[in-house]
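Take a look at the letters that make up each chain.
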Amino acid sequence: MHSSNPSSRLFLNPFKSTLTQYPIFNFPKFSSRKLAKSLRTSIDYKQDEQVSKEELLVPSNATRRLPITIKTSGKVSRYFIKGDSLELLLCVDEEDGVGDDDRLDDGFLKLIKLSSSAAKDFFIPKQVSENYISYVKWKFLHRVFSSALQVLATQAMFRAIGIGQSRSLASSAAFNWILKDGLGRLSRCIYTASLASAFDTNLKRVRFSTSVLFSLSIGVELMTPVFPNYFLLLASIANVAKQISLSCYLATGSAVHRSFAVADNLGEVSAKAQIQTVCFDNLGLLLAVLLNMLFQNNQRLQASLPFVLYPIFSTFDLLGIYQGLKHINLQTLTKNRLEIILERWIEFRQVPSPAEVGEEEGIDLFGSRGSKRVWPIRIGCLDPKAQIPAQSMMAMQSLCSDDGYFITMELSSQGFRRIPKLGMVICLREGANSVDIITSLLQTCYIRKSLGNNRITRRDTSSDLTVQDWSLLTGESKLAARDDFITLNKQMQEQGWIVKNVLMSAEEQVRYIFDKTQL
């Protein structure tokens, strides 16, 4: 039974089909032998009649070069047609190369080039962002010295066991498991559960702070030979710190790899990262072994070697981590990154790239970047202990069911000195999406810009800014934010930002529920 649909005839076998109403699909009838013969590439062909008779036919045994070049592992090859066969030959002369570097005649330079190309293919993924190479260089510095420090710390712990009292060794096996390994894993679980959202919102800060903690834990392990009677206590404290650092490293690893995977090749980037870690750690292990072999004849100098090398190696270790984090450009949106983007948008009507935002964001180890601003912005719920100006409370009373958020001012105490400081708070409604978050933060930035241009200080805001002024300011800024959103969102996507979600901390995820019964 044949289909009545005319378009179904387009998919019939061309050897059996009849003519269709579309001339381009009216194939002539071929036999299989004639079709195979017509598809063969022949060098012996006749020229058109317009071509002069003086042009001779190319002989069938001649070799003809095709304009196709293949580069693999530093080697350049080109396709040739020889007779009826296709061959792929390595380019060795000057005509076949594609660049000066590929036409080097010196064997030693060729060996260096091939070796470097093979090493690059072994360690570096095919498609990554341009800052990945710089990140790997600093990772090399970090992993080598970190691995060497761990070897020295393990050696010191073995020395502490030998120095300690032998009668305590037999009865301390169970305590060693409970205190050193068991307590370490338990602390790792507690830390990971308590700071789960911080791994997304403050990735660089958490990763560097835990790296400092890891370096300090190695210092604690190096102290075990000095206090052998407290070996289990010191080793347990150091292991807790190491487990916390390890949990942060594993939790943030996927986000770091994703920032470099420009072609969605996350698996390849992760695999190459594991290769780098293993190779770099082995180099650090080799460095520690060579240092021990160098001073093996002097036991006193060998015992003091870890204390001499610890500050030096730790400095290089933390330097490699710090510089490597600078080359990580995250495309995900957080409150701090979004605030940098919106300020640049208001000032220049342009959206910065992830690299520009990453450079301005930095690591912010103490988290004081936002608090140092004039009129700092916070997302979350109102603090009952903070002082809310009268105009903000009046504006809260005018909320309607269509509002996805509201903006207020608050006077709260911050810092060690608990100095009162006036800032703005964005309270998001339950079910607020990324559009509401971006719009609310853009509106708040417009309000801060207006307050700065009018030179309204913290002292005269609560007294001179009336309810009508605050209502007018929030209304105009809301219209400006809505008008800018479409263009802003388009430019953010063009710059590579992931705008479908905005990552927030646990405090920023608090939402309010609009109670219609109180209307």
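Here's what I pulled together on the structure shown here. The model shown is predicted, which means the values in this text are computed figures rather than measured ones.

## Looking at the nonpolar core
Inference 1: Judged by nonpolar contacts, the single largest core of 38 residues is most densely connected at Leu333, Leu428, Leu442, Leu488, Met492 and Trp497.
Inference 2: No other element matches helix H14 (residues 434-453), which puts 8 residues into this core.
Inference 3: When residues no more than four places from it in sequence are discounted, the contact partners of Met492 are Leu333, Leu338, Ile341, Val351, Trp497 and Val499.
Inference 4: Within the second largest apolar cluster, 19 residues are counted, among which are Val144, Leu318, Ile328 and Leu330.

## Concerning the packing of helix H11 (residues 335-348) against H14
Inference 1: In contact at an axis separation of 10 Å, H11 and H14 are set at 55° when each is read in the N-to-C sense. In terms of orientation, H11 lies oblique with respect to H14. Viewed along their axes, H11 and H14 form a crossing whose handedness is right-handed. Within the contact between the two elements, H11 uses Lys335, Leu338, Glu339, Leu342, Glu343, Trp345, Ile346 and Glu347 and H14 uses Ile438, Leu441, Leu442, Cys445, Tyr446, Arg448 and Lys449.

## Structural notes on a nonpolar patch on the surface
Inference 1: Where nonpolar side chains cluster on the molecular surface, the patch consists of Phe140, Leu283, Leu285, Leu286, Val289, Leu290 and Met293 and spans about 610 Å² of accessible area.
Inference 2: Take the nonpolar patch: its biggest share by element is 6 residues, from helix H9 (residues 266-294).
Inference 3: Turning to its location among the elements, Val289 is positioned in helix H9.
Inference 4: Residue classification places Val289 among the partly exposed positions, given a relative accessible area of 35%.

Conventions used here
- Residues numbered from 1 in each chain as written.
- Predicted model: local features only at pLDDT ≥ 70, side-chain atom pairs only at ≥ 80, totals over all residues.
- Heavy atoms only, no water.
- Core = buried A, V, L, I, M, F, W, Y, C linked by side-chain atoms within 4.5 Å.
- Buried < 20%, exposed > 50% of the residue type's maximum accessible area, 1.4 Å probe, protein only.
- Helix = DSSP H or I, 4+ residues; strand = E, 2+ residues; numbered from the N terminus.
- Contact = heavy atoms within 4.5 Å.
- Axes fitted to C-alpha atoms, helices over the stretch in contact; angles between N-to-C directions.
- Parallel < 35°, antiparallel > 145°, perpendicular 65-115°, else oblique.
- Left-handed = near helix turned anticlockwise from the far one by under 90°.
- Patch = residues over 30% accessible without salt bridge, like charges linked within 9 Å, V, L, I, M, F, W, Y side chains within 5 Å.
- Areas by Shrake-Rupley, 256 points an atom, 1.4 Å probe, with all protein chains shown as cover.
- Salt bridge = Lys/Arg side-chain N within 4 Å of Asp/Glu carboxyl O.

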